[in-house]
Amino acid sequence: MADLSRDDVAHLASLARIDLSDAELDRMVGELATIISSVEAVSQAPIEGVEPMSHPMPIVNVTRPDEVRPSLTPEQALAMAPASEVERFAVPRILTED
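Residues numbered from 1 in each chain as written. Predicted model: local features only at pLDDT ≥ 70, side-chain atom pairs only at ≥ 80, totals over all residues. Heavy atoms only, no water.

Caption draft 1: Spatial organisation of the overall build of the chain. Across its full length, the chain holds 3 helices and 2 strands. The C-alpha atoms of the chain give a radius of gyration of 29 Å, which is well past the 13 Å a tight globule of 98 residues would have. Projecting the C-alpha coordinates of the chain onto the three principal axes gives extents of approximately 70 × 50 × 20 Å. Of all 98 residues assigned to the chain, the portion counted as buried reaches 7%. Across the chain, the fraction of contacts at a sequence separation of at least 24, relative to all contacts at a separation of at least 6, is 23%. As displayed, the chain offers around 9500 Å² of accessible surface, 59% of which is attributable to carbon and sulfur atoms. Charge separation in the chain, taken as the distance between the mean sites of 7 positive and 18 negative side-chain charges, equals 10 Å. (Helix = DSSP H or I, 4+ residues; strand = E, 2+ residues; numbered from the N terminus. Rg over C-alpha atoms; globule rule 2.2 N^0.38 Å. Buried < 20%, exposed > 50% of the residue type's maximum accessible area, 1.4 Å probe, protein only. Contact = heavy atoms within 4.5 Å. Areas by Shrake-Rupley, 256 points an atom, 1.4 Å probe, with all protein chains shown as cover. Lys, Arg positive; Asp, Glu negative; His and termini not counted. Charge placed at Lys NZ, Arg CZ, Asp CG, Glu CD.)

Shown next as structure tokens:
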């Protein structure tokens, strides 16, 4: 790929609606060139026969079946609560209605 110019970086910044200062434009010329060369190096990797994937390791779903099991009643769950209201924990309001 051809070397990036300061004008190329300014054009890319304008397309992305990013306002860069002159110093930032100068710095980004070198940084973007490094990024592009890194992408070029990765794109040279031999990938024939490699199946596309979203993660480097296989993902296994670890959910369990949804089964009804015995649990606490609302009264038992709220037994030690400092305050309750309509079978729910009552807590002090921290936000106002603005």
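Caption draft 2: Quick peek at unusual backbone geometry. For R17, which is not glycine, the phi dihedral falls at a positive 60°. Inspection of the secondary structure assignment puts R17 in the loop between α1 (6-15) and α2 (22-43). Phi at V86 is positive, roughly 50°, even though this residue is not glycine.

Caption draft 3: Geometry of the environment of Q76. Following the sequence through the fold, Q76 ends up in helix α3 (residues 74-78). Here the side chain of Q76 touches T73 through a polar contact of 2.8 Å, landing on its backbone nitrogen. (Polar contact = N/O pair within 3.5 Å; in protein donor to acceptor, adjacent residues only side chain to side chain.)

Caption draft 4: Structural view of the packing of α1 against α2. With their axes 9 Å apart at the nearest point, α1 and α2 run at an angle of 105° to one another. Taken together, the axis directions place α1 and α2 in an arrangement best described as roughly perpendicular. Here α1 contributes R6, V9, A10 and L12 to the contact with α2, which in turn contributes D22, L25, D26, M28, V29 and L32. Looking at the contact of α1 with α2 residue by residue, the classes come out as 7 nonpolar, no polar and 3 charged. (Axes fitted to C-alpha atoms, helices over the stretch in contact; angles between N-to-C directions. Parallel < 35°, antiparallel > 145°, perpendicular 65-115°, else oblique. Nonpolar A, V, L, I, M, F, W, Y, C, P; charged D, E, K, R; others polar.)

Worth remembering: the numbers are spatial, not functional.
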